[in-house]
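Tertiary structure, described
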Amino acid sequence: MLNIFPHLAKHWATILAVVVLLLVQANCDLALPSYTSDIVDVGIQQGGVENGLPGSARQTTLDALSVLMSGEDAAALDAAYGPADENGVRALLDTVTEEQQAALADALTTPDVALYMAAAAQSASRQGVETALPEPQDLDSAAAMLSAAAAAPDFDHEALLARLSGAAGSLDATAAETLASQAVQLVRLEYQAQGIDGNVQMHYLLTTGGEMLLVALLMAAAAISVGFLASRVSAAVGRDLRRQVFGKVISFSNAETDRFSTASLITRTTNDIQQVQMTAVMLLRIVVYAPILGVGGILRVAGTRTGLSWIIVLAVALLMALVFALMRVAMPKFKQMQKLVDRLNLVSREILTGIMPIRAFSREKFEEERFDAANKDLMKTQLFTNRTMTFMMPAMTLIMNGISLLIVWFGGHAMESSGMQVGDLIAFITYTMQIVMSFLMLTAISIMLPRAGVAADRIEEVLRTEPVIEDPAPAQLPAGLENKQWRGVVQFDHVNFRFPGADADALEDITFTAEPGKTTAIIGSTGCGKSTLLNLIPRFYDVTGGKITLDGVDLRLMPQETLRAQLGYVPQKGVLFSGTIESNLKFGGDAIPDADMVQAAEIAQAAEFISAKPEGYQSPIAQGGTNVSGGQKQRLSIARAIAKNPKVYLFDDSFSALDYKTDVTLRRALKEKTGDATVIIVAQRISTVLHADQILVLDEGRIVGCGRHADLLATCPEYREIAKSQLSEKDLAKASVTAGETAKGGEA
């Protein structure tokens, strides 16, 4: 799993921006419950009054409050308000700072409550009951009574303040909060007396609601930006990984390709990288965000002073136990899943590429069963992991609902016993759900992380694999290699080769020289090593003993690009690429002139069927050349090599799909074209190698015969056996005469 992070580190600046945006998003998300609590507690229950300091007050009310305050606090209160208007109302000055307002509100708490209780007593006396809610006239009556009492000669101001201070000092924290909420009631009564209580409440609701809306919009903008940046980072990681893996696979020799298998390399380049890409998005959007949200929620819950924090501890413990149990069960299955995807791709590829033999042998049902077995194995594993995920969601829901029930139950008792407000309870529930949701998000991503970790390990395995065949270091390059004029002399000097992991050599003590202007043919029984020998020249494999040289330079001391620029290779199985006939014939380089392309097609006997097509050289070629016949595909492959005009031609049984007439015509034209080039042909048919200047006969990886056709018939039993199996006695005698005349003509 840690293999993902080095790829993410390349985009550190964007990731830093994502983290900053996530902090903004989390802060906004955590602020919303506080706004909800304020709207419920202050905006609805308290009528928009936040504390015991009124925003505006009548002079009579201020005078009454001053009686209940110390001289210093009374002076500060008087200085905080501006001059009275025509209605005797004084407004709080804008110059009063928030700190000063908080200090005044704290100083006014006890006087507010005392004045409110006096107004309540006036209301009860007026209505003839024990208790009653005061009205504005009761506040005026209580204020007048206090002012009159303060004007009396025997009024003891200090004694009154001492009684009020003693009563307030004996209260605990919960009672003090209740006292502060009661102080708000006096301010509401004062606003009613002014006739502005509805305006104050609406102003608070609109202001707080507007701030809440702005915070929600900021959170949405941050979330959208995080999604955009995270998607860009993950897409860039996927792009870079695909580029690196593809570049590495292109550099692989046949040994590395055989080790991984083509199906596995395709899976690693597509499915595995897609898993890593998806996980990169989740890492940035969830794995970073969830802890921020969870820790922030815990800190906010601790600040609510509800006494219900033990419920959070219980919820976290239950969630961690659930996640641990699920991961313990599901983790092994995630490690199997990618291997099963490999297996399914392998079976699919074999069936699709071999569909014609399957139909010819009526093996459709068998292959369907084989595919169904691989498909069901993958399905069972996916079902197991999906069921695990399905079990997780109800369990999470049960925990969340159980936690909500506990909060409501114990929160209701707290509201009854300690005066906890409704808004605080709502905020506590919301913060708790945010904490639980953060764990839920981490749990959901933990389901993906193991599979992504396996995928990342498989990708890294490809990237860490160093190809066996590499270019030499600059210091090892022979002098003058860049400006060397190549002739095309290929020499095998006691070459041995053994496939990786094999117990015996596939080729043993191979020694011969292929010269420019001459054709060297290699023939032998099936599996004797003909194609393997040819594949050593372009370094698809490297020799394990001896050496191969081109114009005296060891192939291992040449850059692969330099070596292959001198070669024209035609594989045993013709391979065409999607595009046009022109793009395939110019595959050796865009600089190939049209005239050379046309000439190559004529030599390869492909011009006739190309010109018969309506679009000529612009005719489309389907993927793999499926819209042309086997013979046409082979001729186009030969033309592609000829158009490159190389110094060495390598034909790996490239004439097998041609009829005899086309084969003879093509080789005659090819002889004229390649008069100064080296031609090496691997063939199965005697007719193809009949006129070669040098024929090598391989048997079990060793050269058992070397010479011309007539000489080999006389001296090499293995060659003679091959010739007799393909030619009649009459054709054999005729071929010997023709080959002998060709040899004499060549010597002359």
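The written sequence of each chain sets the order in which its residues are numbered from 1. Thresholds applied to this predicted model are a pLDDT of at least 70 for local features of residues and 80 or more for the giving and counting of side-chain atom pairs; totals over whole chains, interfaces and linings are not thresholded and use all residues. Based on all heavy atoms of the structure, the side-chain values leave hydrogens and waters out of the count.

**Topic: a nonpolar patch on the surface**
A cluster of nonpolar side chains, W310, L314, L318, W409 and F410, forms an exposed patch at the surface whose accessible area comes to about 500 Å². Going along the chain from the N terminus, every DSSP run of H or I of four or more residues is numbered as a helix, and every run of E of two or more is numbered as a strand. Those elements that place two or more of their residues in the nonpolar patch are α13 (309-353) and α15 (364-418). Looking at which element gives the most residues to the nonpolar patch, the answer is α13, with three residues. Note on patches: the residues involved have over 30% relative accessible area and no salt bridge, like charges join within 9 Å, and the nonpolar side chains Val, Leu, Ile, Met, Phe, Trp and Tyr join within 5 Å. In this description, accessible areas are obtained by the Shrake-Rupley approach with a 1.4 Å probe, and a residue is regarded as covered only by the protein chains that are shown. Salt bridge, as applied in this entry: a Lys or Arg side-chain nitrogen positioned within 4 Å of an Asp or Glu carboxyl oxygen.

**Overview of the sheet that holds strand β5 (residues 519-524)**
When DSSP finds two or more bridges between two strands, those strands count as paired. Taken in spatial order, the six strands make up an open sheet running β8-β11-β12-β5-β13-β14, and their pairing is mixed. Two strands close off the open sheet at either side, each with one partner strand: β8 (567-570) and β14 (702-707). Ignoring strand direction, the axes of neighbouring strands in this sheet form an average angle of 15°. By the bridge criterion, five bridges tie β5 to strand β13 (residues 694-699) in an arrangement that is parallel. Bridging across to β13, A521 finds its partner in I695. Contacting β5, β13 and β14, helix α26 (residues 717-726) runs over the sheet at an angle of about 95° to β13. As a rule, the C-alpha atoms of each element are fitted with a line to give its axis, helices using only the stretch in contact, and angles between N-to-C directions run from 0 to 180 degrees. What makes two residues a contact is simply this: any of their non-hydrogen atoms within 4.5 Å.

**Here's the deal with the layout of surface pockets**
Cavity: a set of points on a 1 Å grid over the protein atoms alone where a 1.4 Å probe fits but cannot get out. Pocket: an open set with protein on both sides within 12 Å along at least five of seven lines, its lining residues, like those of a cavity, having an atom within 4 Å of a point. Grid points are joined across faces, edges and corners, and a volume is the space filled by probe spheres set on the points. Counted as a void, the largest pocket has a volume near 2,500 Å³. Lining the largest pocket are 50 residues, with Y569, P571, K573, V575 and F577 positioned closest to its centre. The leading source of residues in the lining of the largest pocket is helix α11 (residues 262-287), at five residues. All residues other than Ala, Val, Leu, Ile, Met, Phe, Trp, Tyr, Cys, Pro, Asp, Glu, Lys and Arg, Gly among them, are scored as polar; the first ten of these are nonpolar and the last four charged. Tallied by class, the residues present in the lining of the largest pocket amount to 21 nonpolar, 20 polar and nine charged.

**A word on helix α2 (residues 12-45)**
Helix span is expected to be 1.5 Å times the residue number reduced by one. Helix length check: α2, at 34 residues, gives a terminal C-alpha distance of 48 Å against a target of 50 Å (1.5 Å per residue), a fit within 8%. One or two residues past the end of α2 sits G47, with phi positive at roughly 65°.

**Side note on the confidence of the model for the chain**
Looking at the chain as a whole, its pLDDT mean stands at 83, while 93% of the residues score no less than 70. The predictor attaches a confidence to each residue, and that confidence, scored 0 to 100, is pLDDT. Across the chain, element-level confidence peaks in strand β3 (residues 490-497) with a mean pLDDT of 94 and bottoms out in helix α27 (residues 729-747) with 56. Note on residues 742-748: pLDDT under 50 across the span, and two contacts to partners over four residues away in sequence or across chains.

**A word on the pattern of salt bridges**
Enumeration according to the criterion identifies 22 salt bridges in this entry. In this structure, E190 and R58 form a salt bridge, with 3.2 Å as the shortest nitrogen-oxygen distance. On the criterion of sequence distance, the pair formed by E190 in helix α8 (residues 173-194) and R58 in strand β1 (residues 56-58) is long-range, its members being 132 residues apart. Type-normalised accessible area, obtained with a 1.4 Å probe on protein chains alone, sets the label of each residue: buried when under 20%, exposed when over 50%, and partly exposed for intermediate values. E190 gets classed as buried once you look at its relative accessible area, which sits at 1%. Salt-bridge contacts for R239 lead to D240; the nearest nitrogen and oxygen are separated by 3.1 Å.

**Description of the environment of S578**
You can see S578 is positioned in the loop between β8 and β9 (579-580). Residue classification places S578 among the exposed positions, given a relative accessible area of 55%. When the C-alpha positions of S578 and P620 are compared, they lie 7.6 Å apart, and in sequence the two are 42 residues distant. In this view, S578 contacts I621, A622 and Q623; residues no more than four positions away in its chain are not counted.

**Description of the sheet that holds β3**
What the four strands build is an open sheet, ordered β4-β3-β6-β7; its pairing is antiparallel. Single-partner strands in this sheet number two, and they are β4 (507-514) and β7 (553-554). When strand β6 (residues 545-550) meets β7, the two strands line up antiparallel, connected through two bridges. In the strand pairing of β7, L550 is matched with V553.

**Concerning the nonpolar core**
Core analysis: the biggest nonpolar cluster contains 59 residues, and I4, L8, L241, V276, M396, I403 and I459 have the highest contact counts within it. Of all the secondary structure elements, the ones that give two or more residues to this core are α1 (4-9), α2, α9 (197-251), α11, α12 (289-302), α13, α15 and α16 (422-464). If you tally residues by element for this core, the top one is α16, at 15 residues. With residues up to four places along the chain from it excluded, the contact list for V276 reads I4, L241, A452, A455, A456 and I459. If you look at the next biggest cluster of nonpolar residues, it comprises 47 residues, including L585, A600, I621 and V689. Remark: nonpolar core denotes a set of buried residues (Ala, Val, Leu, Ile, Met, Phe, Trp, Tyr, Cys) joined through side-chain atoms within 4.5 Å.

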